[in-house]
Amino acid sequence: MSAVLSGKSSKILPVVAIRDGLVYPKTEAPLIFGRPKTVKAFEEAVKSDKELIILLQKDSKVDDPKGSDLHKIGVVVGIERFVSLEQGELQVLLRGSRKVRVTQFLTDDPFLRAAYEEVPDIEVDNDDIRAIMKHLFTQMKKGINLGKNIDFIALMGLFSDLSPNDFSYQVAAVLDVKPEVKQELLERSQRTKLFREL
């Protein structure tokens with residue numbers, strides 16, 4: 001859906017607030033939706049192009065987050081599959097599409113809806129980066145062999161032939177770190193420094 005806001009064309013999508021996890025671009029993740037606004041946003045997305053914006057909450061204890069309770073950088077996700085559970089909950093498989101910045105929250109009721117703009121990542125691909133990727137991949141395999149629990153979908157993503165940016169998102173998706181660290185990893189546009197830190 002497109003609309004004109006402040007004299008320029010913006011894209012608008014329903015927003016889902018996430019308490020403690022993220023879906024990165026080019027990754028897949030299963031989530032359970034149960035809050036009424038989240039279910040309504042999901043239902044709206046299913047009626048149209050099956051896309052939502054996923055935004056991490058600043059405070060996971062807030063039960064009914066408003067726009068000011070959410071980080072502005074998030075991910076547009078596509079709804080791959082879903083199944084209805086008991087008590088109105090939904091189990092959903094989401095695939096991250098692109099990183100975005102919310103420019104304006106438009107509605108709060110019956111669910112959050114926001115205008116957004118895409119946030120491009122800077123792609124750096126050279127021998128140094130590929131060597132770091134190979135090292136990280138080797139370390140991930142060692143971790144798996146030592147009993148590190150990794151979601152099957154994420155594991156399969158790591159075994160794909162990926163660009164450096166896509167690989168960094170796959171690695172970030174399986175890291176056991178606090179939500180604010182996951183958000184920081186998402187917000188970075190330059191992945192070279194991130195590779196060295198991982």
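For the structure itself, consult the block above.
Now for a description of the structure that goes with this document. (Residues numbered from 1 in each chain as written. Predicted model: local features only at pLDDT ≥ 70, side-chain atom pairs only at ≥ 80, totals over all residues. Heavy atoms only, no water.)

In this structure the tally under the stated criterion is 14 salt bridges. A salt bridge links Glu 28 to Arg 95; the nearest nitrogen and oxygen atoms lie 4.0 Å apart. Residue Glu 28 is located in strand β3 (residues 28–33), and its partner Arg 95 is located in strand β6 (residues 90–107); the two are separated by 67 residues in the primary sequence. On the accessibility criterion, Glu 28 (25% relative accessible area) is partly exposed. The partly exposed category is assigned to Arg 95, whose relative accessible area is 31%. In this structure, the salt-bridge partner of Arg 113 is Glu 44, at a minimum N-O distance of 4.0 Å. Pair noted here: Arg 113 is in strand β7 (residues 113–118) and Glu 44 is in helix α1 (residues 36–47), with a separation of 69 residues, a long-range link. Given a relative accessible area of 18%, Arg 113 falls into the buried group. Put simply, Lys 37, Asp 64, Lys 66 and Asp 108 are held in one network by salt bridges that share partners. (Salt bridge = Lys/Arg side-chain N within 4 Å of Asp/Glu carboxyl O. Helix = DSSP H or I, 4+ residues; strand = E, 2+ residues; numbered from the N terminus. Buried < 20%, exposed > 50% of the residue type's maximum accessible area, 1.4 Å probe, protein only.)

This part takes up the pairing of β7. Taken together, the 6 bridges between β6 and β7 define a ladder with antiparallel strand orientation. Within β7, the position partnered with Gln 104 by the bridge is Ala 115. Between β6 and β7, which pair antiparallel and follow one another directly, the connecting turn spans 5 residues. (Pairing = 2+ DSSP bridges.)

Ranked by size, the top nonpolar core spans 27 residues in total, and within it Phe 33, Leu 52 and Leu 94 carry the most contacts. Looking at this core, the elements with two or more residues in it are β2 (8–18), β3, α1, β4 (51–56), β5 (73–84), β6, α4 (164–174) and α5 (179–187). Leu 52 has contacts with Leu 13, Pro 14, Val 16, Phe 33, Ala 41, Phe 42, Ala 45, Val 75, Val 76, Val 77 and Ile 79, leaving out every residue within four places of it along the chain. Judged by nonpolar contacts, the second largest core, of 13 residues, contains Leu 158, Leu 162, Phe 167 and Val 171. (Core = buried A, V, L, I, M, F, W, Y, C linked by side-chain atoms within 4.5 Å. Contact = heavy atoms within 4.5 Å.)

Now for the packing of helix α2 (residues 127–145) against α4. It is the contact of α2 with α4, at a shortest axis distance of 11 Å, that shows an interaxial angle of 25°. By the criterion of interaxial angle, the relationship of α2 to α4 is roughly parallel. Between α2 and α4 lies a crossing of left-handed hand. Listed contacts from α4 to Ile 129, Arg 130, Met 133, Leu 136, Phe 137 and Met 140 of α2 are Pro 164, Phe 167 and Val 174. (Axes fitted to C-alpha atoms, helices over the stretch in contact; angles between N-to-C directions. Parallel < 35°, antiparallel > 145°, perpendicular 65-115°, else oblique. Left-handed = near helix turned anticlockwise from the far one by under 90°.)

The end-to-end C-alpha separation of α2 is 27 Å, in line with the 27 Å expected for 19 residues at 1.5 Å each. Taken residue by residue, α2 has Ile 129, Ile 132, Met 133, Leu 136, Phe 137 and Met 140 as its buried positions. Burial along α2 is one-sided: seen end-on, the buried residues are contained in an arc of 140°. Looking at α2, the residues exposed on the side facing more than 90 degrees away from the buried face are Asp 127, Lys 134 and Asn 145. (Expected span 1.5 Å × (residues − 1). Arc of directions from axis to C-beta.)

In total, this model carries 3 aromatic pairs according to the counting rule given. Taking 6.1 Å as the distance between ring centres and 70° as the angle between the ring planes, the aromatic pair formed by Phe 33 and Phe 42 counts as edge-to-face. With centroids separated by 4.9 Å and ring planes inclined at 80°, the aromatic side chains of Phe 42 and Phe 82 adopt a geometry described as edge-to-face. Residue Phe 42 is found in helix α1, and its partner Phe 82 is found in strand β5; the two are separated by 40 residues along the sequence. By relative accessible area, Phe 82 is classed as partly exposed at 40%. One aromatic cluster in this structure is built from Phe 33, Phe 42 and Phe 82. (Phe/Tyr/Trp six-rings, centres within 6.5 Å; stacked < 30°, edge-to-face > 60°.)

Residues Ile 32, Val 83 and Leu 85 make up a contiguous nonpolar surface patch of roughly 240 Å² in combined accessible area. Relative to the assigned elements, Val 83 resides in strand β5. We classify Val 83 as partly exposed; its relative accessible area is 43%. (Patch = residues over 30% accessible without salt bridge, like charges linked within 9 Å, V, L, I, M, F, W, Y side chains within 5 Å. Areas by Shrake-Rupley, 256 points an atom, 1.4 Å probe, with all protein chains shown as cover.)

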